[in-house]
Amino acid sequence: MTNIIRRISTLLLALVLVMSLSVSAFAAEIVFEGKSKGFSIGSDNQLAVNDLFGNFKDVMPGDTLSETITFTNLARDCDYIKLYIRAVPHGYGNGLSGKVAEIEDSVASMEDFLSQLYMEVKQGDKTIYSGSPDELDGFRKNVYLGQFRRNKGTTLTVSLNIPIELDNDYAQRAGEVDWVFKVECYDESGKLIQTGQLNWPIPVLMTLGILVIGAGAILMTKKRKHNES
């Protein structure tokens, strides 16, 4: 029986080591097609367009995930555009529904979970944001990404790190950060024609099922050994 316990413990340790080395990367594309058509979304991980950051779901302790987002201006009804981005934690008034007390508890739980994580947003070599996703500081205001003519654009890289130290208290916790892409359309004289924006959430879901099941197996084995003695 002792050997079985050792084997399960070794397996759990191996899982932790594997998870600590886990790195996932996906690419997504945002295209601005003009004042009338607005934005279109694509992704190489075959997720639905309403799940642009879907690879940030089902994360495990020790995971480091990365998303590359390419923006391209394909507008034909303006001469150039200016692109901005900002982010805010998803909270009350941004889609949550239910009793006020339940909403407040959900928001508090989400922000507590997000505070345990580390997120970095880069545009090329320039770091736009670095820190926990619940304290976005200057990232809550529009950050200017540049001026782009037709067929031009930019690339953002978003990295999310989940500490290996997270325990089962955070199993099934969820958190969201809303990204808002803002575009201003200009004609050749520099006159502002129209402003539009795209609001997109980053959902993050923590799943610790493997560790919970493994810990349960050890406890059951110990209990069985105790009953047999």
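Everything numeric in this text was worked out from a predicted model, so none of it was measured.

**Considerations on the pattern of salt bridges**
- This model, assessed by the stated rule, comprises two salt bridges.
- Close ionic contact of K182 with E184 constitutes a salt bridge, the shortest N to O distance being 3.7 Å. Both residues of the pair, K182 and E184, belong to the buried class.

**A short note on the packing of aromatic side chains**
- Counted according to the given criterion, the structure contains seven aromatic pairs.
- When the centroid spacing of 6.1 Å and the interplanar angle of 80 degrees are considered together, the rings of F139 and W179 count as edge-to-face. Pair noted here: F139 is in the loop between β6 (126-131) and β7 (143-149) and W179 is in strand β9 (residues 174-186), with a separation of 40 residues, a long-range link.
- Residue class for F139 comes out buried when judged on its relative accessible area of 2%.
- By way of ring pairs, the aromatic residues Y129, F139, W179 and F181 are connected into one cluster.
- Here K182 stacks its cationic end above the ring of Y84, 5.7 Å away from the centre of that ring.

**A word on the pairing of strand β3 (residues 64-73)**
- Taking burial as the measure, the 10 residues of β3 include seven buried ones, the bulk of the element.
- In this structure, β3 lies alongside strand β8 (residues 153-161), joined through nine bridges in antiparallel fashion. Bridging from a neighbouring strand, T64 pairs with N161 of β8.

**Some words on the sheet that holds β7**
- Here four strands make up an open sheet; going across it, the order is β7-β4-β9-β10 and the pairing antiparallel. The sheet terminates laterally at β7 and β10 (192-205), the two strands that pair on one side only. Neighbour to neighbour, the strand axes of the sheet diverge by 20 degrees on average, direction disregarded.
- Pairing of strand β4 (residues 80-89) with β7 involves six bridges; the strand directions are antiparallel. The residue bridging L83 from the neighbouring strand is G146, located in β7.

**Things to note about unusual backbone geometry**
- Even without a glycine there, the phi angle at D137 is positive, about 45 degrees.
- Assignment of secondary structure puts D137 in the loop between β6 and β7.
- Positive phi, normally seen in glycine, also occurs at N151, with a value near 70 degrees.
- Secondary-structure assignment places N151 in the loop between β7 and β8.

So, how was this worked out
Residues numbered from 1 in each chain as written. Predicted model: local features only at pLDDT ≥ 70, side-chain atom pairs only at ≥ 80, totals over all residues. Heavy atoms only, no water. Salt bridge = Lys/Arg side-chain N within 4 Å of Asp/Glu carboxyl O. Buried < 20%, exposed > 50% of the residue type's maximum accessible area, 1.4 Å probe, protein only. Phe/Tyr/Trp six-rings, centres within 6.5 Å; stacked < 30°, edge-to-face > 60°. Helix = DSSP H or I, 4+ residues; strand = E, 2+ residues; numbered from the N terminus. Lys NZ or Arg CZ within 6 Å of the ring centre and 35° of its normal. Pairing = 2+ DSSP bridges. Axes fitted to C-alpha atoms, helices over the stretch in contact; angles between N-to-C directions.

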